[in-house]
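Each chain, letter by letter, is given below.
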Amino acid sequence: MFADFPFLSILTLLPLVGAAVVAFIPRSKAQLAKLVALGWSLVVLVLSVFMWAAFTIDGDRFQFRESYTWIPAWGANFTFAADGIALVMLMLIAILFPVVILASWNDVDQSTRSAPAYFALLLSFEFTMIGVFAAADVFLFYVFFEIMLIPMYFIIGSFGSGQKQYAAVKFFLYSLVGGLFMLASVIGLWVLGGHTFDFTELAKSTAAIDQNTARWLFLGFFVAFAIKAPFFPFHTWLPDSGGAAPAGAAALLVGVMDKVGTFGILRYCLSLFPEASRWFAPTAMILAVIGIIYAALLAVGQNDLKRLVSYTSIAHFGFIGIGIFAFTTQAGTGAVLYMVNHGLATGLLFIVVGMFVARRGSSLVSDFGGAGKLVPVLAGVLFFAGLASLALPGTAPFVSEFLVLIGTFSTNKGYAVVATIGIVLAAAYVLWMIQRTTQGTLNPALAELPAMSKDITLREKAVVAPLIVLLLVLGFYPKPVIDVINPAVQATMQDVGAKDPVPTVEAGGKVGG
Amino acid sequence: MEPLKLPPIDYAALLPMLILFGAACAGVLLEVLVPRRARNIAQLSLSLLAIVAALVAVIMERGTRTITIGGAVAVDGPTLFLQGSILVLGGVSMLLIGERSIERGGVFVSQAAVTVGSQKDMKQAGGQPGATEVYPLATFALGGMLLFVAANDLLTMFVALEVFSLPLYLLCALARRRRLLSQEAALKYFLLGSYASAFFLFGVAFIYGFAGGIQLSVVHDAVANPQRSQVLLYVGLGMVAIGLLFKAALAPFHVWTPDVYQGAPTPVTAFMAACTKVAAFGALLRVLYVAFEGVRWDFQPVLGSIAVLTMFTGAILAVTQTDLKRLLAYSSIANAGYLMVGVLALNDEGLSSTMFYLVAYGFSVLAAFAIISLVRDSDGEATHLSRWAGIGRKSPLLAGVFTLILLAFAGIPLTSGFTSKFAVFGAAFEGGQTWLVIFGVVTSMLLAFPYLRVVVLMWLSEPGESTPAVSIPGFLTSAVLALGLLVTVGLGVAPAPLIELTREAAQFVR
């Protein structure tokens, strides 16, 4: 069904057209601009659902392949193709954008900035996000990897709060520096890989590159992705950006954009440079484990809600990191599933935090206190989002975290054990944050604010409902997603030359892990 | 003794240069014959017409690969491509030079002794639309540049160098406002330029001593099969290179650039940044690829170090600038470094990518200076960075265009800045110059910061009281902006046709 439909190119271009349309709506008709933006993102969602239905699980690794000539002299083409990993990420994007657009409905109304511009930027950001996951041509991927900075830069810089200029510039420069390292590697890969950018052809030809050069090329890619993800020690831009960006945009920043880093490692580092990946894996594991513990400790100490969530996100990316570099199918599948679930859980957490911040006019934990007495339902949603974020069994993140840990344990016991401390710390920072904001005695300053007496609105219910439902459904029945991810991860692990540990038969005849 | 015989001359191949020099001479006559009131439009039309005619001649000759007038001029792929680029960029800068609607009387001084803004000045400015001798001067310069990239012997190259440099020295001094700055710039440019020319000529003498001839092919043969001391060759090559590197503004021969770019009238700055760069690199390519290819292992590391030094100088000093014209000057120095990376690839890719870069950069830089000429207050252009705060709120269209140009300079994909950088870095990697690619990438990171700072100022800062008004661009400036933007985005999104063209052209005749 629909297998020949050019899903990926249309999905990529659709938001760009939408952004152009919204940008031309005059400022006085802000309501119209919002409706058009929401409608447009819903069309993208519907199309993505059709694409999901058209994906054959036992089919080729890359499906929906399309290729159009671009720069023949360089061998660069507009090639789109999606494997299972890209497909679930595209689905996550398609779900998160309408939710965020609805969540950001009134964000710009009080400021002097133009609302149509904000929603046009969100849609153009969706364009770059879909493009980066749909591209199967390294040149095209690089183009999307770089231009995604521009809409996010203006979203943070123009529509953010606090130290927004500083955060926007820091965000842009960090990412650009990573991108330029990658550019050097892309050029090297292109010259040594036979003047082609096609991913499948490159994956075949990179074996001929000599070991030392391949390691350098790998590092160029890895640094770019490690900054994007971000992994320790390249993470310092994220708390600033996450703290300054509007809550909805921050949800996209950590929910979707940072996944480009981990996705890039899986797709490009592992498949193109298998030997270098194995060589670097121990270092990557150490960085990831440090990231888990260090970011979690910093999160415990945060007084700013948005920065706190950003730090939790860095800790979670540590888990994804060990999942990827453990080189087992189980851990890899867990890592990809983690990418999806983290997008949902942290996205929800950021959006709910945004609802609190919008009411209170401050994102400091100390400015809240006992808020649950004023807005019980909203506080309940925050509690749920927090529990999902700390991977409580029954919520989706539990499945992925568990998969990552047991998958890692089978090959790297030490790292898995240390990483488990991160789970304990996660409980600490989430629960302590919830206790200080919504529980305890009511902060008198809070009660005086008329906005704080208004519990969750219908629009806000519509925003959080799909995410809560998805988190619960995937918590109890993650099979549909795992089925899509698993073949792609297996193919990646094959590329990297990793063999899953064979189950051993113990003396008692029982099969053990 | 045999009677002196005239060498065969291929007039068709020389036609573009003949047209321009003829038009420039006619322009001098027009200055005498045409009444003042009609002079501006007459001169502008004449020079534009000449440029279009020369461009047509270049296109008609596109298949020509020949050496003519006794080996003095080579018309080949690179010549024709570079001549075409110089003509197109020159035509666009001529539109900027011809702009008279932004400021009454234009940006050029009509009589140096009249105080700016005085009653007499106003009267004069209202009646006489500026100095019209700039058109023949610019046309002469263009003609010289066409010859410069076609010169096949070192003396012709020197003559061409002088032909296009002298009008530029003059043009730099003609700013109507901030005249002292402008005259200082012109003097500085003239003095340093003269030294550079002297070095060049001295170098030619050494090379003549080494090779026994000044034709590039003779030098090539002598390099391959040296008969005399190599010291002559190295000293000669070094001195010729100094002359060329000066024009191309490579460190450490770049010190004139910021002062001249700042002091010269903005249209002239744009003209120099776009066209002089093409001409200088065109000649550099020819000299290195045709004459001295045999000693590439000797000059590659030296010129490579110069490229690295240039990139770092341009990038680091651009960070500290507070004046936009100076910032763009340092950015153009850094870009000269990137161009040098392409040149040093010393393969066909290097040649074609450098030519691609020259065109792409030329259009972006023209648009950038066109924008600078629009942001002004009662004292003329407001080029101090602080004055641009919040300009995005006041005139989003202009700030949007400028942002795009700056992103192109920073090398963000989907702009010509990215494709051209990719092309030169790719060529250099292929040519075994990985170290240059790495330094190029590192300096690109540094250089992104000053551009980004301007973007931040324009969009994210609140407009202050001193944020100047933005002039409504006249028709000519609008045309320049539109063209610059179109090419910057066009070469970013669909660079394939121009890449093909540069590849077809990338073969020197010897």
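Source: prediction; values computed, not measured.

1. Side note on the overall build of chain B
- In terms of helices and strands, chain B carries 20 helices and four strands.
- Taking 510 residues into account, the globule formula puts the C-alpha radius of gyration at 24 Å, and chain B, at 22 Å, falls close to it.
- A burial count over chain B gives 61% of its 510 residues as buried.
- By sequence separation, contacts in chain B at least 24 residues apart represent 81% of the contacts at least 6 residues apart.

2. Things to note about the overall build of chain A
- Helix and strand content of chain A: 21 helices and four strands.
- A compact globule built from 513 residues should have a C-alpha radius of gyration of about 24 Å, and chain A, at 22 Å, falls within 12% of that.
- Overall size of chain A, expressed as C-alpha extent along the three principal axes, is 70 × 65 × 45 Å.
- Per-residue burial over chain A gives 62% buried out of 513 residues.

3. Some points on the interface of chain B and chain A
- Contacts between the two partners involve 24 residues from chain B, matched on the other side by 26 residues from chain A.
- Taken together, the elements giving at least two residues each to the side of chain B that touches chain A come down to α17 (416-430), α18 (434-460) and α20 (496-505) of chain B.
- With eleven residues, the top contributor of residues to the side of chain B that touches chain A is α18 of chain B.
- Each residue belonging to the side of chain B that touches chain A can be placed in one class, and the counts come to 19 nonpolar, two polar and three charged.

4. Re the nonpolar core
- By size, the foremost hydrophobic cluster in this structure holds 421 residues, and its most contacted members are L90 and V352 of chain A together with F148, C172, L366 and A367 of chain B.
- Per-element accounting of this core gives the leading share, 19 residues, to helix α11 (residues 266-291) of chain B.
- Once residues within four sequence positions are removed from consideration, L366 of chain B is found in contact with L89, V92, S93, A270, A274, V480 and G484 of chain B.

5. Brief notes about the environment of A494 of chain B
- Residue position: A494 of chain B is located in the loop between α19 (475-493) and α20.
- Each C-alpha atom, one on A494 of chain B and one on G426 of chain B, is 18 Å from the other, the two residues being 68 residues apart in sequence.

6. Observations regarding unusual backbone geometry
- That bond from F232 of chain A to P233 of chain A is cis: its omega, 5°, falls within 30 degrees of zero.
- Looking at the element boundaries, P233 of chain A is found in the loop between α9 (211-228) and α10 (237-244).
- For the bond running from A251 of chain B to P252 of chain B, omega is 5°, close enough to zero to count as cis.
- With respect to the element layout, P252 of chain B can be found in the loop between α9 (230-248) and α10 (256-263).
- The phi dihedral of F64 of chain A is positive, around 55°, even though this residue is not glycine.
- As for its position among the elements, F64 of chain A is in strand β1 (residues 63-71).
- Overall, the presence of 25 C-beta atoms within 10 Å leaves F64 of chain A in the buried class.

7. Overview of the environment of P246 of chain A
All names here are of chain A.
- Along the chain, P246 turns up in the loop between α10 and α11 (247-257).
- Accessibility expressed as a C-beta count within 10 Å gives 29 for P246, which makes it buried.
- The spacing of P246 and I93 is 153 residues in sequence and 18 Å in space, taken between C-alpha atoms.
- When residues no more than four places from it in sequence are discounted, the contact partners of P246 are S104, D107, I155, F159 and G160.

8. Description of the confidence of the model for chain B
Residue and element names in this part refer to chain B.
- Mean pLDDT for chain B: 90, with 96% of residues reaching 70 or above.
- The least confident element of chain B, judged by mean pLDDT, is helix α4 (residues 119-127) at 65; the most confident is helix α5 (residues 134-150) at 95.
- In the predicted assembly, ipTM is 0.91 and pTM is 0.93.

9. Remarks on the pairing of strand β2 (residues 76-82) of chain A
Residue and element names in this part refer to chain A.
- Within β2, seven of the seven residues are buried, leaving the element largely enclosed by the surrounding structure.
- Side chains of β2 alternate between two faces, with A76, F78, F80 and A82 and N77, T79 and A81 buried alike.
- Two elements, β1 and β2, share six bridges in a ladder whose sense is antiparallel. Looking at the pairing, E66 lines up with F80 of β2.
- Hairpin connection, β1 to β2: the antiparallel pair is bridged by four residues, and G75 has positive phi, about 70°.

10. What to know about helix α2 (residues 36-60) of chain B
Residue and element names in this part refer to chain B.
- Taking 1.5 Å as the rise per residue, α2 with 25 residues should run 36 Å; its terminal C-alpha atoms sit 36 Å apart, in good agreement.
- Residues of α2 that are buried: R39, N40, Q43, L44, S47, A50, I51, A54, A57 and V58.
- Contacts made by the buried residues of α2 are with α1 (11-33), α3 (77-98) and α5.

11. Focus: the confidence of the model for chain A
All names here are of chain A.
- Mean pLDDT over chain A stands at 89; residues scoring 70 or higher make up 97%.
- Taking the mean pLDDT of every element in chain A, the minimum, 41, falls on strand β4 (residues 511-512) and the maximum, 94, on helix α5 (residues 138-147).
- Across residues 508-513, confidence stays below pLDDT 50; counting only partners more than four residues off in sequence or on other chains, it has seven contacts.

12. Comments concerning the packing of helix α3 (residues 84-103) of chain A against helix α20 (residues 458-476) of chain A
Residue and element names in this part refer to chain A.
- Axis separation between α3 and α20 bottoms out at 9 Å; the angle between their running directions is 160°. The orientation of α3 relative to α20 falls into the category roughly antiparallel. Between α3 and α20 lies a crossing of left-handed hand. Residues I95, V99, L102 and A103 of α3 form the contact with α20, whose participating residues are R459, A462, V463, P466 and L467.
- The residue makeup of the contact of α3 with α20, split by class, is eight nonpolar, no polar and one charged.

13. Considering the packing of α11 of chain B against helix α14 (residues 348-372) of chain B
All names here are of chain B.
- Packing of α11 against α14 leaves a shortest axis separation of 8 Å and a crossing angle of 170°. The angle between α11 and α14 places the two elements in the roughly antiparallel class. Where α11 approaches α14, its residues T266, T269, A270, A273, A274, K277, V278, F281, L285 and Y289 are matched on the opposing element by L351, T354, L358, G362, V365, L366, F369, A370 and I372.
- Here the residues of the contact of α11 with α14 are counted per class, giving 14 nonpolar, four polar and one charged.

14. Some details on the environment of V268 of chain B
- Examined against the element boundaries, V268 of chain B turns out to sit in helix α11.
- Those residues in contact with V268 of chain B, other than ones at most four positions away along the chain, are L171 and C172 of chain B.

The rules behind each value
Residues numbered from 1 in each chain as written. Chains lettered and ligands numbered in written order. Predicted model: local features only at pLDDT ≥ 70, side-chain atom pairs only at ≥ 80, totals over all residues. Helix = DSSP H or I, 4+ residues; strand = E, 2+ residues; numbered from the N terminus. Rg over C-alpha atoms; globule rule 2.2 N^0.38 Å. Buried ≥ 20, exposed ≤ 12 C-beta atoms within 10 Å, placed from the backbone. Contact = placed C-beta atoms within 7 Å. Nonpolar A, V, L, I, M, F, W, Y, C, P; charged D, E, K, R; others polar. Core = buried A, V, L, I, M, F, W, Y, C linked by C-beta atoms within 7 Å. pLDDT = per-residue confidence, 0-100. Pairing = 2+ DSSP bridges. Expected span 1.5 Å × (residues − 1). Axes fitted to C-alpha atoms, helices over the stretch in contact; angles between N-to-C directions. Parallel < 35°, antiparallel > 145°, perpendicular 65-115°, else oblique. Left-handed = near helix turned anticlockwise from the far one by under 90°.

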